[in-house]
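# Analysis of the macromolecular model
Spelled out, the chains give:
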Amino acid sequence: MRVVHTPLHERHDGAYELHRGALVPSFESPERVHIILQALEQAGYGVMPPREFPEAALLRVHDAEFVEFLRTAHARWRASGRDGSMLPSGFPARGLRRDRRPSGINGAMGWYTFDASTPIVAGTWEAVIAAAQCALTAAALVAEGESAAYALCRPPGHHAGRSFYGGYCYLNNAALAAQYLRDHGCGRVAVLDVDYHHGNGTQEIFWERDDVMFVSLHASPETEYPYFLGYADECGAGAGEGCTLNLPLPLGTRWPEYRAALDLAFEAIDRHAPAALVVSLGVDTFEADPISAFKLTTADYRELGACLAARGLPTVVVQEGGYAVAEIGANVAGVLGAFAGRTL
Ligand code: Q9C
Ligand code: ZN
């Protein structure tokens, strides 16, 4: 199994985020990828840089004005006399206008994001397109016949929608991979999201589609981020009705219950009969994760990998969250080891 990675992720290094009422150092740090990469290199994986893809590949999933906002946001911020991390301070909630996008950078930021934990710094765009290219490269490898590939994406992507960012995510790497597979001869695709948080962006992107199924296991939005999406009654709409499946789980979930939900996820995926699988792999379900409350162990990630690999589907694994930095390498390597056993 090939690992697609580039050090360009380091260009994105947000200083802080708003967390439980305080500005705290960003949980989503370059160190996360350093440690994953070290674990995978130690395990003997072949690491390759991403290929270049035209902007048209991004526009298959994202809105052009949104992409332009991300590309130019920090330069606009600097032009307004500031520097460092950009964070928003107002959002168009109920009672406010959603038909006029403010021309100023502060209002535009609140327009395009939905939280204050997703900073933009001078190098964010460079890292964001590099992560997207990692995901597209992994998808291309699978479209060309590899049985599995892993995109070591940073920043992550599953909270980003067609025209919004948030949750440490800017462009939706997993959605780009799924769309790339669709555009390059692959039949139906299933996206299975095992990050602790609901993949609201991926759900939004494929909500009305029947060619890309979205299935997510995550902590209940009743108490957990992203709070406003991810309930079990969200099933898709229009042609996509029945092609979205949410399996919210309680705080404290351990492997046996997680495994049972995974079985339900795969029953639904099997009914969809996909030609390929995209896995949004967050390891923030880990027992020691600093912002999450599931109880999976390092050993459980090997089981998870075995469950995923056992489907025998061509699979693109895309890195999402995971903030227990000390163990993140072992946890990701645990999942990928099962694929490597099949395809090394
Ligand atoms: N006080 C991913 O795992 N912060 N994103 C929550 C709660 C945002 C997580 C703040 C968490 C985003 C890709
Ligand atoms: Zn997460």
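For the structure itself, look to the data block above.
Overview of the structure. Here the structure is a predicted model, which means the values were calculated and not measured. (Residues numbered from 1 in each chain as written. Chains lettered and ligands numbered in written order. Predicted model: local features only at pLDDT ≥ 70, side-chain atom pairs only at ≥ 80, totals over all residues. Heavy atoms only, no water.)

### Overview of the sheet that holds strand β6 (residues 189-193)
Read across the sheet, 8 strands follow the order β4-β1-β5-β10-β9-β6-β7-β8 without closing on themselves; strand pairing throughout is parallel. Edge strands, defined here as strands with exactly one partner in the open sheet, are β4 (47-48) and β8 (244-249). Across 3 bridges, strand β1 (residues 2-4) lies against strand β5 (residues 148-151) in parallel orientation. Residue V3 lies in a different strand from β5, and its bridge partner there is Y150. In this fold helix α6 (residues 173-183) packs onto β6, β7 (212-219), β9 (276-281) and β10 (315-319), with an angle of close to 170 degrees to the strand it touches most, β9. (Pairing = 2+ DSSP bridges. Helix = DSSP H or I, 4+ residues; strand = E, 2+ residues; numbered from the N terminus. Contact = heavy atoms within 4.5 Å. Axes fitted to C-alpha atoms, helices over the stretch in contact; angles between N-to-C directions.)

### A short note on the coordination of the zinc ion (ligand 2)
Every protein donor of the zinc ion (ligand 2) is accounted for by D195 (OD), D195 (OD), H197 (ND1) and D284 (OD), and the metal-donor separations fall at 1.9 to 2.8 Å. Counting along the primary sequence, the residues that act as donors to the zinc ion (ligand 2) give the motif D-x1-H-x86-D. Note that D195 is positioned in the loop between β6 and α7 (200-206) and D284 in the loop between β9 and α9 (298-309), a separation of 89 residues in sequence. In this pair, the class of D195 matches that of D284, namely buried. (Donors = N, O, S within 2.8 Å, 3.2 Å for Na, K, Ca; no water. Buried < 20%, exposed > 50% of the residue type's maximum accessible area, 1.4 Å probe, protein only.)

### Brief notes about the environment of V33
If you trace the backbone, V33 turns up in helix α1 (residues 30-42). Spatially, the C-alpha atom of V33 lies 9.1 Å from that of H5, the residues being 28 residues apart in sequence. Once residues within four sequence positions are removed from consideration, V33 is found in contact with H5, H9, L152 and R154.

### Comments concerning the site of ligand 1
As a matter of local geometry, ligand 1 sits amid 16 residues, with H159, G167, H197, D284 and Y323 nearest to it. In this structure, H159 approaches ligand 1 through a side-chain N or O atom, which is 3.3 Å from a nitrogen atom. One nitrogen or oxygen atom from the side chain of Y323 is found 2.6 Å from an oxygen atom belonging to ligand 1. Protein chains bury 91% of the 410 Å² of accessible surface belonging to ligand 1 in isolation. For the shell around ligand 1, a count of residues per class yields 6 nonpolar, 7 polar and 3 charged. (Near = heavy atom within 4 Å. Polar contact = N/O pair within 3.5 Å; in protein donor to acceptor, adjacent residues only side chain to side chain. Areas by Shrake-Rupley, 256 points an atom, 1.4 Å probe, with all protein chains shown as cover. Nonpolar A, V, L, I, M, F, W, Y, C, P; charged D, E, K, R; others polar.)

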